[in-house]
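Chain by chain, the residues:
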Amino acid sequence: MAADAPRAAHAPGAAADDPVLEARDLRKVYVLGGGVEVHALRGVDLRVRRGEYAAIMGPSGSGKSTLLQILGCLDAPTAGSYRLAGDEVADLDESALAVVRNRRIGFVFQAYNLLPRATAVDNVALPLLYRGVSAARRRERALEALERVGLADRTHHRPNELSGGQKQRVAIARALAADPDILLADEPTGNLDSRTGQEILTLFDELHAEGRTILIVTHEHDVAEHCERIIRIHDGRVAASEPVVARRRPPGDARGA
Amino acid sequence: MRGGPDVLWWENVKTALEALFGNRLRSLLTLSGVVIGVFAVTTTISLGQIATAGITSEIQAFGAQSLFVTRVNSHPEGRPFTNADVEALSRLPIDILRQRSTRVWAVVGDARVRLSLNGTTANAPLIDRSIDLARGRFFDTRDEATGAPVVVLSADAAEALFEGVPDPIGREVLLETSGGNRSYYTVIGVKKRVAGALGAFANDVSGDVPLESLYRDVPGIPRGSFDFLPITIALDQDAGAIERQVRAILDRRRHPDSYQIQSIEGALSLFNTITVILQALLGGIGAISLLVGGIGILNIMLVSVTERTREIGLRKALGARPRTILQQFLIEAVVLTGIGGVIGVASAVAALWLVVQLVPFLDVFVLNPWVVALALLVSLATGVVFGVWPARRAAALSPIEALRYE
């Protein structure tokens, strides 16, 4: 397992055509009470290259969140194939899936999902704990990650002592701490005011500039336009996949389009 | 994986303690079932051991084994024992106390009490180790030979007759028999209160006088007849074998059903049987408390899992294996019952100590380390048994469904 893959894999331009995610004909059917079936995904085909920065857009109920959860291995598809860095996810058992969630995927939730009783640094260190990293090393890496998201001065605050934007930064630091292959973010600015939302997006822009693969689910164009590509989901299918012509850039981004 | 399991194990203990301290009142209430169960089990077993040790130490302190031969009044041949019987038994390596008792009235001034009067021999203190003088002396062989009117009073008798008199030695007591005989006796000794289990609850109002004096002053008691024969056997002798020899000798002299032999050892084994039954009974109550306590743990762990569904979902989303979540909740249950076990054992030790301080005949504090180990082990096992189901439920949660849980 390429869990401890060298950091070079994230470097700009490294194997740019190598699909880090590849979904074929993904379907997800929810069976509600009374046998009512809800088809959330009706056959999604999707390839995401290493280092890509893409937005998944779609109206409410289009299945975009379901897709992201399946891509994040938080949920299993009813049918179809999903390969993450070449491995067929359906072949993995619960324990192996836990390793994938831990090492390859950093998930950022709309509602932050921080442990309320734990400090920022403990929250960030949590994925490292499940990786068996020693306490001293966890702390070191968590502090680095918090510094990376600009929260070096908030490391020992608990979530209720942090603003919404700060909480989301902690959540991003947590996703970064385990140094995953890809960052998945589900409406990361959905609970934030527009200025704070912009700060978070700037952070994503910077992380992308550092070579990370990022997928953001959003229903806001302003958000999606930070990305290189917009994948539009409609009625559980990919309706369109189009490059962003006029990208919103983080200030000082030197990379060419 | 570098030190993975160890790191997680310790973190899980920390998480468990945080969760338990976060809900302090609830944790304490949940603990109470286990505390009561462990307390009950520990105290019952230890109390039995303390009681047995108390009795045994008393017998050891007594310095001898003893038999008690009594006649069966209701049997046609159940006549009193005679000097000839005593002589026949004297071939054995035993000491026989010749003793005859009756009841008289004892009068000193206005005080008039019913006294159990024992006519006995001067060597009685050597044979009956419970005779222990607080003041004065026991009568000697000369008193015995002459039938001197001297009496050694029990502590209760001295108190009843000479209330407020610091030293009754040398004072006189009037003894009245039911037949109307009145004789004055001089107090020459006062015994200590009988210590320990054998005397703790007895109100012993008695006086010892020379056998000869009893025969002379109490009409109607034939010389050389005894209702019972207390026999002491040195500790190095086989009491069982001697009991069989006593029986063989007496069987030749009288009908086998006309007398009975009792031994303290026999009484002790009866006591032990009662103790075991009591232990089983109270132990059963302890086990039921543990079961109820365990169900309490089960309940609270299910509540804990439900309350923390989102947390479990998050932990799984961040890479916690099912095994890790299982371990986390199992450790929480075991830490909970383990704390309950420690509190239970500690309060049991405190209660037992108090009992030993307060109850007169339980004077040996026994705390078997195995009992403590067993109690703690049982409490931990309760945590495992009743924690495993909620923990498995937590471990089996799908991360996204758990995260969606409101």
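That block above? That's the structure.
Residues numbered from 1 in each chain as written. Chains lettered and ligands numbered in written order. Predicted model: local features only at pLDDT ≥ 70, side-chain atom pairs only at ≥ 80, totals over all residues.

Visitor: Whenever I open this one, the overall build of chain B confuses me. Can you help?
Guide: On a plain count of helices and strands, chain B comes out with 13 helices and 13 strands. For chain B, the residues scored as buried account for 39% of the 406 residues in total. Residue pairs in contact within chain B that sit at least 24 positions apart in sequence constitute 83% of those at least 6 positions apart. (Helix = DSSP H or I, 4+ residues; strand = E, 2+ residues; numbered from the N terminus. Buried ≥ 20, exposed ≤ 12 C-beta atoms within 10 Å, placed from the backbone. Contact = placed C-beta atoms within 7 Å.)

Visitor: Sorry, what's going on with the pairing of strand β1 (residues 19-31) of chain A here?
Guide: The side chains of a regular strand alternate, first on one face of the sheet and then on the other. Residues and elements named next belong to chain A. Note: β1 against strand β2 (residues 37-49), 10 bridges, orientation antiparallel. Paired with K28 across the bridge in β2 is L41. Hairpin remark: β1 followed by β2, antiparallel, with five residues in the connecting loop; positive phi at G34, about 85°. Where β1 meets strand β4 (residues 79-84), five bridges bridge the pair, whose relative direction is antiparallel. Looking at β4, one finds that E22 is bridged to R83. (Pairing = 2+ DSSP bridges.)

Visitor: I keep staring at the pairing of strand β5 (residues 111-120) of chain B and nothing clicks. Help me out?
Guide: All names here are of chain B. Bridge analysis of strand β4 (residues 100-108) against β5 gives nine bridges, and the strand direction is antiparallel. From the neighbouring strand, R103 faces β5, where its bridge partner is S116. In sequence, β4 turns back onto β5 through a hairpin of two residues, with G109 there showing a positive phi of about 60°. The pairing of β5 with strand β10 (residues 206-210) spans five bridges and is classified as parallel. What sits directly across from L117, in β10, is G207.

Visitor: How do you make sense of the nonpolar core when you look at a structure like this?
Guide: One broad trend across soluble globular proteins is that nonpolar side chains are buried collectively. Formed by 122 residues in total, the largest nonpolar core has its most connected members in I56(A), V124(A), A173(A) and L215(A). Here this core takes 13 residues from helix α2 (residues 24-62) of chain B, the largest share from any one element. Excluding anything up to four places from it in sequence, A173(A) contacts V124(A), A145(A), L146(A), R148(A), V149(A) and L151(A). Of all hydrophobic cores here, the second largest spans 25 residues; its members include A158(B), F162(B), Y185(B) and I188(B). (Core = buried A, V, L, I, M, F, W, Y, C linked by C-beta atoms within 7 Å.)

Visitor: It is not clear to me how the sheet that holds strand β13 (residues 259-263) of chain B should be interpreted in this structure. Could you clarify?
Guide: Sheet strands line up and pair through hydrogen bonds in the backbone, either parallel or antiparallel. Residues and elements named next belong to chain B. Across the sheet, which stays open at both edges, the four strands sit in the order β3-β12-β1-β13 with antiparallel pairing between neighbours. Every other strand in the sheet has two partners, leaving β3 (94-96) and β13 as the edge strands with one partner each. Taking each pair of neighbouring strands and ignoring which way they run, the sheet shows an average axis angle of 20°. Bridge count between strand β1 (residues 65-71) and β13: five bridges; the pairing is antiparallel. Bridging from a neighbouring strand, V69 pairs with I261 of β13. Sheet contacts for helix α8 (residues 239-253): β1, β3, β12 (228-233) and β13; angle to β13, the most-contacted strand, approximately 170°. (Axes fitted to C-alpha atoms, helices over the stretch in contact; angles between N-to-C directions.)

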